[in-house]
Amino acid sequence: MTTVDPTPAALPAALAEPTVPVRRSWIALIFAANLGVWMAFFTPIQVLLPQQIERIAPGDKEAMFAVVTGLGALAAVLANPLAGALSDRTCLRLGGRELGRRHVWTAGGAVLGALALVLLARQDTIAGVAVGWVAAQVCFNAMLASLTAGIPDRVPVLQRGGVSGWVGIPQSLGLVLGAVLVTAVVTGNAAGYAAVALAVLLLALPFALLTADDPLPRAHRPPLRVGALLASMWISPRRHPDFAWAWLTRFLVQLGNALGTLYLLYFLADGVRYPDPEGGLLVLILLYTLGMILTAVVSGRLSDRSGRRKIYVIVSGLVMAVAALLLAVAPVWPMAMVAAVLLGAGYGVYLSVDAALITEVLPAATNRAKDLGVINIANSAPQVLGPALSAPIVVHLGGYPTLYAVTAVVTVLGSALVVRIRGVA
């Protein structure tokens, strides 16, 4: 369970364990903000970057795509916990009024990230694309760090499964809306980047401007020393074993997800040989999102009511592994559609329940954003390893059937290890 510092009665609102359920309007606004940030993450990865890289280096597109996405993910690994740690220490005043410690990072990340996307669209070299994508990843991960901390900051434990379900849906819905936006609403790679940049601003800024954000009293601000800040990124598995196991399970499941999704566009073109790969990708994303929407909120609420988390995580991993195996043994279009629904359904259960589980094993309320940033390394690091592992598997070690078989094994292992967490049912 999350621990808090000195005595609960002495804690300011920013550090106290929340007890008042959040309203539907708050859920709707954080849903929209997350939708914006996930559109910014996934639309370039799934559509815009592959198109841009194929235009620049058509004969080496797989390797160059791996380099660009790998560098971006590495930037995310570093930026997310650092931004979270700085967010935990943020004390600002504007016009004699204390500001909250989270929303400035949400708004700043959205504005600067949108600018980075506009600049990325103008690049015509692989180096320029890589630099632009790294800049975007840094900005949007700063934004994500503050948004993720909103759940333990403001949502009571008994409401976290359901709210996490709503917050998890944008991870797939962002893919759908982003793909529709850049393929059906606007045309051209540069226009696609500009449309995503505008969407981020319109979706994220209302949450930062219209919802409460408790200020952190300066007396409770942890000291900002570089050595101490870097040292705080290490959370001892011996002292906090449940947190360590939660990190490892998240890492393995997300690695499986990265292995299974990074090359979907190329899989449809070269493995399934679907005549319209971009259109097919949109169909699979729609089916994936349907499966996720059907399970995310429902499973989160059921987990809240039962007080159990681990069984839902295990079942979700098994369902996702079955989806990957279907792609491995039958790389044909009808099976790809079935697998997309199953993968979405399993991932919906996983995202909502595992997100709630993680908030219950955070070491300290004073470092919520930083600790969740460390957890988010388990989301981002697989994006570094995913391309490095996927490319040689596809090119040299058996192609897409081997890739999806490995995906299934890694996913099952990750979900099964959740049984090692002792402090959560």
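What you are looking at is a predicted structure, and each value in this text was computed from that prediction instead of being measured.

A. Broad picture of the overall build of the protein chain. The helix and strand inventory of the protein chain stands at 15 helices and two strands. Relative to its length of 425 residues, the protein chain is compact, with a C-alpha radius of gyration of 21 Å against a globular reference of 22 Å. The dimensions of the protein chain, computed from C-alpha atoms along their principal axes, are 65 × 45 × 40 Å. Counting all 425 residues of the protein chain, 58% fall into the buried class. Across the protein chain, the fraction of contacts at a sequence separation of at least 24, relative to all contacts at a separation of at least 6, is 85%.

B. Just the pattern of salt bridges, in detail. For the coordinates displayed, the defined rule picks out 13 salt bridges. Residue Asp88 pairs with Arg101 through a salt bridge whose shortest N-O separation is 3.8 Å. Taken together, the residues Asp88 in helix α2 (residues 61-88) and Arg101 in the loop between β2 (97-99) and α3 (103-120) connect sequence positions 13 residues apart. Considered together, Asp88 and Arg101 belong to a single accessibility category, that of buried residues. Glu360 is paired through a salt bridge with Arg309; the nearest N and O atoms lie 3.0 Å apart.

C. Layout of unusual backbone geometry. Phi angles above zero are rare outside glycine, and Arg273 is one such case at about 60°. What makes Arg273 exposed here is its relative accessible area of 64%.

D. Spotlight on the packing of helix α9 (residues 241-261) against helix α14 (residues 368-396). As a packed pair, α9 and α14 sit with axes 8 Å apart at the nearest point and diverge in direction by 35°. In this structure, the crossing between α9 and α14 has a hand that is right-handed. Per-class residue counts for the contact of α9 with α14 are 14 nonpolar, five polar and two charged.

E. Region of interest: the packing of helix α5 (residues 160-168) against helix α13 (residues 333-359). Between α5 and α13, whose axes approach to 7 Å, the crossing angle comes to 125°. Classed by the angle they form, the pair α5 and α13 counts as oblique. When the axes of α5 and α13 are compared, the crossing they make is right-handed. Contacts from Arg160, Gly161, Ser164, Gly165 and Gly168 in α5 reach Leu351, Ser352, Ala355, Ala356 and Thr359 in α13. Looking at the contact of α5 with α13, its residues break down into three nonpolar, six polar and one charged.

F. Quick look at the confidence of the model for the protein chain. Summarising the model, the protein chain shows a mean pLDDT of 90, and 97% of its residues fall at 70 or more. Across the protein chain, the secondary-structure element scoring lowest on mean pLDDT is helix α8 (residues 226-231), at 76, and the one scoring highest is α3, at 97.

Calculation notes
Residues numbered from 1 in each chain as written. Predicted model: local features only at pLDDT ≥ 70, side-chain atom pairs only at ≥ 80, totals over all residues. Heavy atoms only, no water. Helix = DSSP H or I, 4+ residues; strand = E, 2+ residues; numbered from the N terminus. Rg over C-alpha atoms; globule rule 2.2 N^0.38 Å. Buried < 20%, exposed > 50% of the residue type's maximum accessible area, 1.4 Å probe, protein only. Contact = heavy atoms within 4.5 Å. Salt bridge = Lys/Arg side-chain N within 4 Å of Asp/Glu carboxyl O. Axes fitted to C-alpha atoms, helices over the stretch in contact; angles between N-to-C directions. Left-handed = near helix turned anticlockwise from the far one by under 90°. Nonpolar A, V, L, I, M, F, W, Y, C, P; charged D, E, K, R; others polar. Parallel < 35°, antiparallel > 145°, perpendicular 65-115°, else oblique. pLDDT = per-residue confidence, 0-100.

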